[in-house]
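Below are the chains, spelled out letter by letter.
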Amino acid sequence: MKLQRKFFLVFLLISTIPVLIITLYTYSRYTRLITSQVEQSTENLMDAVSISTERTLQNMDHIVEAMYLPREEHLSVVDILKKYSSGSHPTPYQVYADTSQFSYVYQDFINFYSYINGIFLFTPCGQTLGYAYGNNINVRHDYDPSEDEWYQNTVALGGDTYIYGAEQKDLFEYSIASISFCTALYDVQTRDFLGVMM
């Protein structure tokens with residue numbers, strides 16, 4: 001092999017080896033940096049979701065607590081729900097009047113929290129009381145929740161909150177995908193089941 005060719009190979013190796021070393025070093029540092037940034041972003045996102053979820057659940061607890069607070073004439077929403085026990089047959093006017101009172105109690109929650117599109121009560125007698133705002137959220141008039149899985153799971157929790165996943169729900173007219181928070185309501189003194197709030 002000629003001397004010229006030997007010099008060429010030596011200089012080629014001398015110039016390529018540092019480039020390869022720098023490339024590998026840069027690649028490994030960049031990979032570690034990206035991994036660290038993705039982990040940090042994921043952690044921040046999970047923290048934000050956790051805080052938001054905790055706040056939402058606290059707000060739902062406040063709404064449930066408001067059910068038990070006396071309003072006009074020293075009646076709470078829970079006292080009104082006693083009229084809708086299993087086997088009762090409320091008149092259309094009674095349903096209208098109670099829904100109006102119910103909406104009066106909960107309109108502040110719906111107006112204040114942008115993520116709440118409606119609050120509905122499914123009573124044991126099959127009557128639905130509720131107040132909705134925006135997104136065409138209305139419960140179908142022929143809807144009976146008693147056989148649905150979400151309703152049975154909510155009742156089984158005995159008053160704890162059941163989160164009904166992010167999906168389109170058949171119970172709503174013109175529904176869009178949504179997350180629903182559901183809680184079974186009971187009489188404070190007798191522990192009689194009064195319905196499910198969604």
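These figures come from a predicted structure and were not determined experimentally.

What counts as what
- Residues numbered from 1 in each chain as written.
- Predicted model: local features only at pLDDT ≥ 70, side-chain atom pairs only at ≥ 80, totals over all residues.
- Heavy atoms only, no water.
- Helix = DSSP H or I, 4+ residues; strand = E, 2+ residues; numbered from the N terminus.
- Buried < 20%, exposed > 50% of the residue type's maximum accessible area, 1.4 Å probe, protein only.
- Contact = heavy atoms within 4.5 Å.
- Pairing = 2+ DSSP bridges.
- Phe/Tyr/Trp six-rings, centres within 6.5 Å; stacked < 30°, edge-to-face > 60°.
- 1 Å grid on protein atoms, 1.4 Å probe; cavity = no way out; pocket = protein on both sides within 12 Å on 5 of 7 lines; lining within 4 Å.
- Points joined across faces, edges and corners; volume = space filled by probe spheres on them.
- Nonpolar A, V, L, I, M, F, W, Y, C, P; charged D, E, K, R; others polar.
- Salt bridge = Lys/Arg side-chain N within 4 Å of Asp/Glu carboxyl O.

1. A closer look at the environment of Ile-137
Along the chain, Ile-137 falls in the loop between strand E2 (128-132) and strand E3 (138-139). Among the residues examined, Ile-137 registers a relative accessible area of 6% and is labelled buried. Between the alpha carbons of Ile-137 and Asp-47 there is a distance of 30 Å; along the sequence they are 90 residues apart. The residues contacting Ile-137, other than those within four sequence positions of it, are Asn-117, Phe-120, Ala-132 and Phe-172.

2. With respect to the pairing of strand E1 (residues 118-122)
Counting buried positions along E1 yields 5 of 5 residues, so the element is predominantly enclosed. Neither face of E1 is open: one carries Gly-118, Phe-120 and Phe-122, the other Ile-119 and Leu-121, and all of them are buried. Pairing of E1 with strand E7 (residues 193-197) involves 2 bridges; the strand directions are antiparallel. If you follow Phe-122 over to E7, its bridge partner there is Val-196.

3. Some points on the pairing of E7
Each regular strand carries side chains that alternate between the two faces of the sheet. Counting buried positions over the 5 residues of E7 gives 4, a clear majority of the element. Inspection of the sheet shows strand E6 (residues 178-186) paired to E7 by 4 bridges, in the antiparallel sense. When the sheet's bridge partners are listed, Tyr-186 is paired in E7 with Phe-193.

4. A closer look at the packing of aromatic side chains
Enumeration according to the criterion identifies 5 aromatic pairs in this entry. When the ring of Phe-7 is compared with that of Phe-11, the centres are 6.3 Å apart and the planes differ by 25°; the resulting orientation is stacked. Residue Phe-7 and its partner Phe-11 are both found in helix H1 (residues 3-68); the two are separated by 4 residues, about one turn of the helix. The exposure class of Phe-7 is partly exposed, given its relative accessible area of 46%. Phe-11 gets classed as exposed once you look at its relative accessible area, which sits at 54%.

5. Brief notes about the layout of surface pockets
Put simply, the largest pocket is a space of about 410 Å³. Lining of the largest pocket is provided by 17 residues; of these, Tyr-115, Ile-116, Ile-179, Ser-180 and Phe-181 occupy positions nearest its centre. Counting residues per element, the ones that place at least two in the lining of the largest pocket are H1, E1 and E6. Among the elements that line the lining of the largest pocket, the one with the most residues is E6, at 4 residues. Of the residues belonging to the lining of the largest pocket, the class tally is 12 nonpolar, 5 polar and no charged. Considering only enclosed or pocket space, the second largest pocket measures out at about 330 Å³ in volume. What lines the second largest pocket is a set of 16 residues, and nearest its centre among them are Thr-128, Leu-129, Gly-130, Val-139 and His-141. Partitioning the lining of the second largest pocket into residue classes produces 7 nonpolar, 7 polar and 2 charged.

6. What to know about the pattern of salt bridges
Any two side chains of opposite charge can pair, given that their charged atoms come close. Applying the stated criterion across every chain, the model contains 2 salt bridges. Asp-187 is the salt-bridge partner of Lys-82, the closest N and O atoms lying 3.2 Å from each other. You can see Lys-82 sitting in the loop between helix H2 (77-81) and helix H3 (92-112) and its partner Asp-187 sitting in the loop between E6 and E7, a full 105 residues away along the chain. Taking relative accessible area as the criterion, Lys-82 reaches 34% and is therefore assigned partly exposed. Across the pair Asp-98 and Lys-83 runs a salt bridge, and its minimum N-O distance is 3.2 Å. Within this pair, whereas Asp-98 is found in helix H3, its partner Lys-83 is found in the loop between H2 and H3, the two being separated by 15 residues in sequence. For Asp-98, a relative accessible area of 6% translates into the label buried.

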